[in-house]
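Listed below, chain by chain, are the residues.
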Amino acid sequence: MASSTTEVRPLLAGGVDEQSESSNYGAISDRSASVERPKDENGLRKRQIGVFSAMFIIFNRIIGTGIFATPSMILSLSGSVGLSLIMWVIGALIAMAGMQVYIVWGTALPHNGGEKNYLEHLFPHPKRLITAMYAANAVLMAYAAGNAIVFAEYFLLSISPSSCHVTQALTKLTAALVLTFVLLLHGLHLPLGLRVQNALGVSKIIVLVGIVGTGVAAALGILRVEDGSTTRERPIDHNFGSWDRIWEGSRWGMSEFCLALYNVIWSYVGFSNANYALSEVHRPSRTLKLAGPLALICVTLLYLLANIAYLFGASKDEITGSGRLVAALLVRKVWGPQAERLLAVGVAMSAAGNVLSVSFSQARVNQALGQEGVLPFSKFWASTWPRNAPLTGLSLHWIVCILVIYFVPPGDGYNFVINVVSYPLAIINATISFGLIYLSLASHRQPTSIVPSAKAAVLFPALIFGLANVFLFLVPLIPPPDDAQPYVNLPYWTHALVGWSVFLLGGGWWFVTQRGNDL
């Protein structure tokens, strides 16, 4: 693979004299090939991720706690049952378009690193500037911290139903312990880590199928009242009683739509997860084309059925008033308070699977950034010591997550984490989407182009995904109405400011450390 990709010249590269140097950088092959990768007993690169594992790498990353925590917010912002379900469908369509974009890029550049590779191919000059900007976002965002905290909360709830016995210090300690467990598992025994990850992916399916089944029971009128008896009251009649009721209260404002879409897309984030580990995927092009769509179709069906289940079991007002506990509300109303402990175990396992999957991919991004030499102590972060796994890359993400868990104050934290992670990702996704369109349209002028020539299967998904992400990073700059403010205490533009500032920080790091050598 390395020998072929070194001949690929980035389409946006400079003159002919620079071809040799820029091809190594844009194609992301020679540098990666020079770094030790997991090997089998014959000394060949070991590719141990097949379709099943790749599917669950994606599945585990997408399904964390979003489907259990965000439906109430999405319903509140949408205003109606019908519009909230449409938001989930729109999110699925955007994710499917994005999946196609990432399949094309992953097939063209089947290396560890994901978006880093694609941005470098699009912007080879100034050399490593785009890598440094991407690195700041990739390294400084504590992607696994949120679900580590959720795991801690639900795990402690499952063993101690009385919340008064659970202190903030104990919650933080539990979150730190699960992150440490993941660090050691993926860093010291990768095959076992993949098996645990796959098992937790199966458990997520079981939990979501259980929620769907609970919704069916609610639709049949099996609901409990305060004395523990059942009643034939059916919220389904209130939520779906007539066409007008389905659309009653719909909010069509741009700010509300954007905030609702942010929450939906947050629940779908992760469809590109396998792209971060393609150097370890068996037959990466075929695997990606199978695992990605299969995982996303499965997630979409489960998400829609789970939302319908919530609406079968609780009224619109009950759901919007439940905060991030809508799944607990449904289970309590159908099966009673004791069932909440069992649900808590299921949600905790779902969160743990997400932490495993996020850490798995983020370690490889950190490792790839170390291989590019843009991080402090890059050789250390690029190491595969001691068990041919990115233990040091995992450690870097572990450090960032621990800092966030222990030092970010409570308040607007959950919404801020969703928005501050989603905002820079929207900028990156828009860039690689329109970049893919450019490469595809210009491929007839470049015999060595890595992407297919202009075809609807490439252009249409890239256009849809690109425009959707432009919308997502422009609308937050517009002041929202008072009843659609994203935060209680923070200005509405906080996540946009942080997102752009992180990119600028990366640019500043490049200017200080590498500008003189890499212009």
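Presented here is an overview of the structure given in this document.

About the cut-offs
- Residues numbered from 1 in each chain as written.
- Predicted model: local features only at pLDDT ≥ 70, side-chain atom pairs only at ≥ 80, totals over all residues.
- Heavy atoms only, no water.
- Axes fitted to C-alpha atoms, helices over the stretch in contact; angles between N-to-C directions.
- Helix = DSSP H or I, 4+ residues; strand = E, 2+ residues; numbered from the N terminus.
- Parallel < 35°, antiparallel > 145°, perpendicular 65-115°, else oblique.
- Left-handed = near helix turned anticlockwise from the far one by under 90°.
- Contact = heavy atoms within 4.5 Å.
- 1 Å grid on protein atoms, 1.4 Å probe; cavity = no way out; pocket = protein on both sides within 12 Å on 5 of 7 lines; lining within 4 Å.
- Points joined across faces, edges and corners; volume = space filled by probe spheres on them.
- Nonpolar A, V, L, I, M, F, W, Y, C, P; charged D, E, K, R; others polar.
- Phe/Tyr/Trp six-rings, centres within 6.5 Å; stacked < 30°, edge-to-face > 60°.
- Buried < 20%, exposed > 50% of the residue type's maximum accessible area, 1.4 Å probe, protein only.
- Lys NZ or Arg CZ within 6 Å of the ring centre and 35° of its normal.

With that settled, the discussion passes to the packing of helix 4 (residues 51-62) against helix 12 (residues 190-219). Contact geometry of helix 4 with helix 12 gives a least axis separation of 9 Å together with a crossing angle of 60 degrees. Taken together, the axis directions place helix 4 and helix 12 in an arrangement best described as oblique. Note on packing geometry: the crossing formed by helix 4 with helix 12 is left-handed. Residue-level inspection shows Phe52, Ser53, Phe56, Ile57, Phe59 and Asn60 of helix 4 in contact with helix 12, the latter providing Leu194, Gln197, Asn198, Leu200, Gly201, Val202, Lys204 and Ile205.

The next thing to look at is the layout of surface pockets. Over the atoms, a rolling probe the size of a water molecule traces out where space has been left empty. By volume, the second largest pocket amounts to about 300 Å³. What lines the second largest pocket is a set of 16 residues, and nearest its centre among them are Ala136, Val139, Leu140, Leu375 and Pro376. Looking at the lining of the second largest pocket, the elements with two or more residues in it are helix 9 (129-140), helix 21 (391-407) and helix 24 (494-513). Considering every element that reaches the lining of the second largest pocket, the biggest residue donor is helix 9, with five residues. Of the residues that constitute the lining of the second largest pocket, the class distribution is 15 nonpolar, one polar and no charged.

A word on the packing of aromatic side chains. Applying the stated criterion to the full structure yields 17 aromatic pairs. Both rings, one in Phe56 and one in Phe59, keep their centres 5.8 Å apart while their planes meet at 75 degrees; by these two values the pair is edge-to-face. Here the residue Phe56 and the residue Phe59 both occupy positions in helix 4, the gap between them amounting to three residues, near one helical turn. Phe59 shares its class with Phe56; the two are buried. For the pair Tyr423 and Trp500, a centre-to-centre distance of 6.4 Å together with 75 degrees between the ring planes defines the contact as edge-to-face. A residue pair is termed long-range when its members are at least 10 positions apart, and Tyr423 in helix 22 (residues 413-441) and Trp500 in helix 24 qualify at 77 residues. Its relative accessible area of 38% is what places Trp500 among the partly exposed residues. Each member of the aromatic cluster is reached from another via a ring pair, and the members are Tyr102, Trp105, Tyr118, Phe271 and Phe465. Directly above the ring of Phe360 sits Arg364, whose terminal nitrogen or CZ lies 3.8 Å from the centroid.

By themselves these figures say nothing about function.
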